[in-house]
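# Coordinate analysis (summary)
Chain residues, written in single-letter form:
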Amino acid sequence: MDASFIRSLQDRAEERRARIGIGIWNADEELIASLHSAERFAELLLVGDLGEDCPFDHMNSNEPWRDLVRLLASGEIDGAVRGNLPAGRSMRALVDRFGLPVRRLALIELFGWSFLLGPVGIDEGETSSARLDLLLGGAKLLQGLGVSPRAAVLSGGRMEDRGRSERVDTSLLEGDQIAARAAEAGINAEHKGILIESCRGDDIVIAPEGISGNLIFRTLMLLCGAQSYGAPVITERMDWIFVDSSRARSGFDGPVMLAGALAGMRGAGRY
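Let me sum up the structure you'll find in this document. (Residues numbered from 1 in each chain as written. Predicted model: local features only at pLDDT ≥ 70, side-chain atom pairs only at ≥ 80, totals over all residues. Heavy atoms only, no water.)

Spatially, S3-S2-S1-S4-S12-S11 is the arrangement adopted by the six strands of the open sheet, whose pairing is mixed. The sheet is open, and its two borders are formed by strand S3 (58-60) and strand S11 (231-232), each paired with just one other strand. Of the pairings in the sheet, the one linking S11 to strand S12 (residues 242-244) comprises two bridges and is antiparallel in character. Its bridge partner lying in S12, Pro232 is registered against Val243. (Pairing = 2+ DSSP bridges. Helix = DSSP H or I, 4+ residues; strand = E, 2+ residues; numbered from the N terminus.)

As summarised here, the arrangement of the six strands in space is S8-S7-S9-S6-S5-S10, forming an open sheet in which the pairing is mixed. With one partner strand each, in any of the chains shown, strand S8 (188-193) and strand S10 (227-228) form the two edges of the open sheet. Pairing of strand S5 (residues 106-110) with S10, which is carried by two bridges, proceeds in the antiparallel orientation. Residue pairing across strands places Glu109 opposite Gln227, the latter belonging to S10.

Moving on, we get to a nonpolar patch on the surface. Judged by side-chain polarity, Ile122, Ile211 and Leu215 come together as a nonpolar surface patch covering roughly 320 Å² of accessible area. Examined against the element boundaries, Ile211 turns out to sit in helix H7 (residues 210-223). (Patch = residues over 30% accessible without salt bridge, like charges linked within 9 Å, V, L, I, M, F, W, Y side chains within 5 Å. Areas by Shrake-Rupley, 256 points an atom, 1.4 Å probe, with all protein chains shown as cover. Salt bridge = Lys/Arg side-chain N within 4 Å of Asp/Glu carboxyl O.)

What follows is about the pattern of salt bridges. Under the definition given, this model contains 17 salt bridges. A salt bridge links Arg104 to Asp244, with the nearest nitrogen and oxygen atoms 2.4 Å apart. Of this pair, Arg104 sits in the loop between helix H4 (87-98) and S5 while Asp244 sits in strand S12, placing them 140 residues apart in sequence. Asp244 carries the same exposure label as Arg104, and that label is buried. Put simply, Asp161 and Arg164 hold a salt bridge, and the shortest N to O gap is 3.1 Å. When salt bridges with common partners are traced through the structure, they connect Glu63, Arg66, Arg92 and Asp96 into a single cluster. (Buried < 20%, exposed > 50% of the residue type's maximum accessible area, 1.4 Å probe, protein only.)

A word on the nonpolar core. For soluble globular proteins, nonpolar side chains are generally found buried alongside one another. Phe5, Leu9, Leu35, Leu46 and Val256 are the most contacted members of the largest nonpolar core, which totals 54 residues. Ranked by residues supplied to this core, first place goes to helix H8 (residues 253-267) with eight residues. Once residues lying within four places of it in the same chain are set aside, the contact partners of Leu9 are Leu107, Leu145, Met257, Leu258 and Ala261. Leu110, Phe115, Ala207 and Phe217 belong to the second largest nonpolar core, which has 18 residues in total. (Core = buried A, V, L, I, M, F, W, Y, C linked by side-chain atoms within 4.5 Å. Contact = heavy atoms within 4.5 Å.)

What follows concerns H7. Spanning 14 residues, H7 covers 19 Å between terminal C-alpha atoms, matching the ideal 20 Å at 1.5 Å per step. Turning to H7, its buried residues are Gly210, Ser212, Gly213, Asn214, Ile216, Phe217, Leu220 and Met221. For H7, the secondary structure elements touched by its buried residues are S5, strand S6 (113-118), strand S7 (150-154) and S10. Of the residues that open H7, the one with a side-chain oxygen 2.8 Å from the backbone nitrogen of Ile211 is Glu209. (Expected span 1.5 Å × (residues − 1). Polar contact = N/O pair within 3.5 Å; in protein donor to acceptor, adjacent residues only side chain to side chain.)

Two elements, S7 and S8, share five bridges in a ladder whose sense is parallel. For Ala152, the partnering residue across the bridge sits in S8 and is Glu190. Viewed along the sheet, the connection from S7 through helix H6 (residues 166-184) into S8 turns out right-handed. (Right-handed = clockwise from strand over helix to strand, strands pointing away.)

What follows is about unusual backbone geometry. With an omega dihedral of -10°, the bond running from Gly118 to Pro119 counts as a cis peptide bond. Take Pro119: it is sitting in the loop between S6 and helix H5 (128-144). Phi is positive for Arg17, which is not a glycine, with a value near 50°. The topology assignment puts Arg17 in the loop between helix H1 (3-16) and strand S1 (18-24). Phi at Phe111 takes a positive value of approximately 50°, unusual for a residue other than glycine.

If you walk through the whole model with that rule in mind, you get three aromatic pairs. Each ring, one from Phe98 and one from Trp240, has its centre 4.1 Å from the other, and the planes form 10°; the classification is stacked. Placement of the pair is Phe98 in helix H4 and Trp240 in the loop between S11 and S12, with a sequence separation of 142 residues. (Phe/Tyr/Trp six-rings, centres within 6.5 Å; stacked < 30°, edge-to-face > 60°.)

Listed below in structure tokens is the structure:
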């Protein structure tokens with residue numbers, strides 16, 4: 001996907017102006033001030049430890065991870081962004097409320113190329129079936145946004161490295177299986193082994209497991225200057241929208257934009 005894909009998401013978010021909840025924990029004035037630019041994409045409801053002088057519509061909460069998910073489940077907000085809430089507590093609140101495994105794909109833009117990357121949580125994607133589900137969920141999300149996705153499946157070696165170690169052999173076999181099953185489901189998917197450099201231009205990139213996916217994500221973001229728009233939690237029907245975001249961010253325009261765009265597509269009956 002090229003840069004026009006991100007622009008189309010921005011346009012959809014601005015048109016929809018969804019009500020998006022965003023979690024705030026240990027807020028400072030700089031973080032709060034940075035949220036004003038996100039208002040172009042959505043009506044914001046801040047949930048957290050905000051006091052009475054917050055310039056935004058807000059809900060004070062001692063457990064904002066629970067209240068944010070509660071508002072999402074009740075339909076009081078159209079979508080949610082984790083903001084700078086603790087990741088573990090936020091993901092547990094989602095699991096407790098919806099009873100579904102948490103699967104995330106990060107939307108990344110690098111030199112005009114945008115793509116979904118996953119798994120990005122260190123405890124995610126530990127089985128080939130989990131990574132296949134992530135690929136299929138990401139494909140469904142992109143199809144709802146008008147993209148016919150091309151997916152790359154990564155593993156622990158080149159194809160000719162079979163036989164070098166049991167671990168590499170297992171990784172390569174799983175890569176073969178994931179790509180084959182995705183193709184059976186009608187997705188244009190290719191197993192590319194360890195050759196991440198060959199993924200340029202693909203719409204979905206599936207890492208061998210969550211630790212390597214997190215390392216790829218951190219390398220792109222913190223060393224290569226890539227832009228992240230957050231990581232939507234992938235569900236079967238996309239009947240609720242939760243966009244994960246790193247606490248290391250200085251602002252949340254991207255995740256708010258993505259949540260607003262997805263809410264707009266859901267409202268249009270595309271999910």
